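Now for the letters of each chain:
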Amino acid sequence: MRLRDGIVIALSAIRANTLRSLLTVLGIVIGVSAVITMVAVGSGASEQVQQQVSSIGANLLMVTPGARRAGGVMMQGSESLSEDDAEAIAREVPGVMYVAPSRTGSGQYIAGRFNSYGRLEGVTIDYLAVREWEIEAGRSFSPSEVRTAGQVALIGRTVATELFGDSDPVGQSIRVNRMPVTVIGTLRSKGQTTFGQDQDRIVMIPLSTARKVLGNSRAQPRRVDLIMVKTDTAERLEPARAEITALLRQRMRVPADSRESFEVRNMTEFLSTFAETARTMSLLVAAVASISLLVGGIGIMNIMLVSVTERTREIGLRLAVGARPRDILLQFLVEAVTLCLIGGAIGIALGIGLSIAIARLIHFPVLIQPDVILLSVGISAAIGIFFGFWPARRAARMDPIEALRFE
C-alpha cells in the first residue's frame, strides 16, 4: 500500500467519526497551543528587556543612596551622595568614560493654555552620553548653562506632544514648577521601561538649576539623588563596581564591619536577571502545559485500540485478499499520525491566535518563533508514531481467519 492510499483511508476513517476524532485530539490541541503561547510570551519578555537594556544605556552602573542606621533606626540615606563623590569616581576609578550625577523629582509643565507633568531631571552634560540619549531637534546644554544655572530645558517626546502638538517646541518658553525656562532641544523617543514607565515623559534641566526648582539642603548643597557611571567596556563593569564601592566607603568613612549607606547596581545584570526570570517562568508553564501532550497521546492510543477492535473484520478481509501485515501497520500508523497532525495544526492556529490576543488586549509584547511552530509539528508527529505504534502493530499481527470470525 502506498503512503497516499494510507492517508486517504485515514482521512476517511476520521471523517466517519468526526466528533470522536476531535475530542481525541483535544489534549494535543491544548498542549501545542499552550506551549506556543507561553514560549511566545517568554520570548517577547526577553526581547523587551533587551530593548530596555539598550534604551537605558550600555555598560552602566547606578549609584543610589541606600539606608542608613541612626540611633538603631533604619533611615533613608537621601543625603549620602554628592557631586564631590561623582568627581572622585571620574578622577580615581580606571575605565570610567562618563560620570553623570543627577537630581530627580516631579514637575508640572505649562505652555500657554496647555499643561503636562512628568519626571524632572537635573543633569549634567554627560547625562545624555551615559544614557545614549540623542537630541532629536535643537541642542544640548552648554558648560556655562550648567555652571550658572541657566533657565533652559530639554523635553521628551511625550511632553513635547502634550504641550505643543505638532508645533516645533525649540525656542518656546514653558514654566517648570513656576520657573520659566526656554526649550533648547527635544529628545529622541525612548519608549517605555520594563515596568511600564514612559521614559519620554521627562524634562531635563541643568543640575544647578534643579537645586532652585527642587529645593536644596543647606547642610549638603551639592547633594545628588543618583550617580550614573558608564564604563568603556562591559568587562570593566564588575571591577568598576568594586572600586566605586571601596572608594565611597573610604570617602564616607564607613567602618569595616558596617554596611555602606549606598548601592552600586549593574543595570545590565539586573535587567538580564529579570529577563531570565520571565523566560524561566514561561518555560515552566510551557512544561506543565506539555503534560496535555502526554494526555493527548494516551487518548490517541486509546481511540486507536477502539478503532482496531471495531474494524477487526475489515482487517481480516484485507489480510485475506492479500494485504501484508506491514500494509495494515502503515494504515493505522498513518491514521494515528494524521490525527496528531490535525490536532497540532489546530493547536498552532489557536496558539498564534492567543498570542496575538494577549499582545492586543494587555499590550504585552509576544514573539512567535517559527522554530517553535516547527517543533510543535514534529512533536505532534512523534506522538502519533509513539502512541499509535502499539495499536497498529496489534492490528498487523491479527490472524485473518480469527479476524473474519469476529463479531
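Calculation notes
Residues numbered from 1 in each chain as written. Predicted model: local features only at pLDDT ≥ 70, side-chain atom pairs only at ≥ 80, totals over all residues. Heavy atoms only, no water. Helix = DSSP H or I, 4+ residues; strand = E, 2+ residues; numbered from the N terminus. Buried < 20%, exposed > 50% of the residue type's maximum accessible area, 1.4 Å probe, protein only. Contact = heavy atoms within 4.5 Å. Areas by Shrake-Rupley, 256 points an atom, 1.4 Å probe, with all protein chains shown as cover. Arc of directions from axis to C-beta. UniProt positions renumbered as here; feature names shortened; annotations may be inferred. Polar contact = N/O pair within 3.5 Å; in protein donor to acceptor, adjacent residues only side chain to side chain. Phe/Tyr/Trp six-rings, centres within 6.5 Å; stacked < 30°, edge-to-face > 60°. Lys NZ or Arg CZ within 6 Å of the ring centre and 35° of its normal. Salt bridge = Lys/Arg side-chain N within 4 Å of Asp/Glu carboxyl O. Pairing = 2+ DSSP bridges. Axes fitted to C-alpha atoms, helices over the stretch in contact; angles between N-to-C directions. Parallel < 35°, antiparallel > 145°, perpendicular 65-115°, else oblique. Left-handed = near helix turned anticlockwise from the far one by under 90°.

**With respect to the overall build of the protein chain**
Then, number 1: A count of helices and strands for the protein chain gives 15 helices and 12 strands.
Then, number 2: Burial statistics for the protein chain: of 407 residues in total, 46% are counted as buried.
Then, number 3: Taking as baseline every contact in the protein chain between residues at least 6 positions apart, the subset at least 24 positions apart corresponds to 78%.
Then, number 4: For the protein chain, the exposed surface amounts to about 20600 Å²; the carbon and sulfur share of it is 59%.

**Concerning unusual backbone geometry**
Then, number 1: One non-glycine residue with positive phi stands out, namely E132, at about 55°.
Then, number 2: Checked against the element boundaries, E132 lands in the loop between α5 (126-131) and β6 (135-138).
Then, number 3: We note that R178 has phi near 80°; this positive angle belongs to a residue other than glycine.
Then, number 4: Relative to the assigned elements, R178 resides in the loop between β8 (173-176) and β9 (179-187).
Then, number 5: On the basis of relative accessible area, R178 is assigned to the exposed category, the value being 75%.

**Some remarks on helix α12 (residues 312-320)**
One turn of the α-helix equals 3.6 residues, which is why residues spaced by three or four share an orientation.
Then, number 1: Within the span of α12, buried status applies to T312, I315, G316 and L319. The buried residues of α12 all sit within an arc of 100° when viewed along its axis, so they share a single face.
Then, number 2: Of the residues one or two after α12, G322 is the one with positive phi, at around 115°.

**Some details on the UniProt feature "transmembrane region" (unreviewed entry) in the protein chain**
Then, number 1: In the numbering used here, UniProt assigns the feature "transmembrane region" (unreviewed entry) to residues 21-45, 283-308, 328-352 and 372-390.
Then, number 2: With 100% helix and 0% strand, residues 372-390 has end C-alpha atoms that lie 28 Å from one another.

**Observations regarding the side chain of S116**
Then, number 1: Summarising the element assignment, S116 is placed in strand β5 (residues 114-123).
Then, number 2: You can call S116 buried: its relative accessible area is 2%.
Then, number 3: A polar contact is formed between the side chain of S116 and the side chain of E162, at a distance of 2.5 Å.
Then, number 4: Setting aside residues no more than four positions away along its own chain, S116 makes contact with G107, Q108, Y109, V159, E162, L163 and R201.

**Considering the side chain of R201**
Then, number 1: Assignment of secondary structure puts R201 in the loop between β9 and β10 (202-206).
Then, number 2: R201 sits in the buried class, given a relative accessible area of 17%.
Then, number 3: In contact with R201, not counting residues within four places along its chain, are S116, Y117, G118, R119, T158, V159 and E162.

**As for the packing of aromatic side chains**
Geometrically, a pair of aromatic rings is defined through the distance of the ring centres and the angle of the planes.
Then, number 1: Under the criterion given, the structure shown has one aromatic pair.
Then, number 2: Ring geometry for F386 and F387: centres 5.0 Å apart, planes at 85°, overall edge-to-face.
Then, number 3: A residue is classified by how much of its surface remains accessible, and F386, at 64% relative accessible area, is exposed.
Then, number 4: Sitting above the plane of the W133 ring, K190 keeps its charged end 5.5 Å from the centroid.
Then, number 5: One Lys or Arg, R201, reaches over the ring of Y117 and ends 4.5 Å from the middle of that ring.

**Looking at the pattern of salt bridges**
Side chains carrying opposite charge are able to pair once their charged atoms draw close together.
Then, number 1: The final tally for this structure, using the stated rule, is 16 salt bridges.
Then, number 2: Salt-bridge contacts for E92 lead to R91; the nearest nitrogen and oxygen are separated by 3.6 Å.
Then, number 3: In this structure E92 comes out as partly exposed when scored by relative accessible area, which is 46%.
Then, number 4: R91 gets classed as exposed once you look at its relative accessible area, which sits at 56%.
Then, number 5: Note that E243 and R236 form a salt bridge whose closest N and O atoms lie 3.2 Å from each other.
Then, number 6: It is possible to trace a salt-bridge network through shared partners that takes in D84, E87 and R222.

**Describing the pairing of β9**
Then, number 1: Here β9 lies mainly inside the structure; seven of its nine residues are buried.
Then, number 2: Bridge count between β6 and β9: three bridges; the pairing is antiparallel. Note on β9: the bridge partner recorded for I135 is L187.
Then, number 3: Strand direction decides the pairing type here: strand β7 (residues 152-155) and β9, joined by four bridges, are parallel. Along β9, the bridge assignment pairs A153 with V183.

**Focus on the packing of helix α11 (residues 291-310) against helix α13 (residues 325-361)**
Then, number 1: At a minimum axis distance of 11 Å, the contact between α11 and α13 shows a crossing angle of 140°. One finds that α11 runs oblique with respect to α13. Read as a crossing pair, α11 and α13 show a hand that is right-handed. For the pair α11 and α13, contact is made by I300, I303, M304, S307 and V308 and by F332, E335, A336, L339 and C340, respectively.

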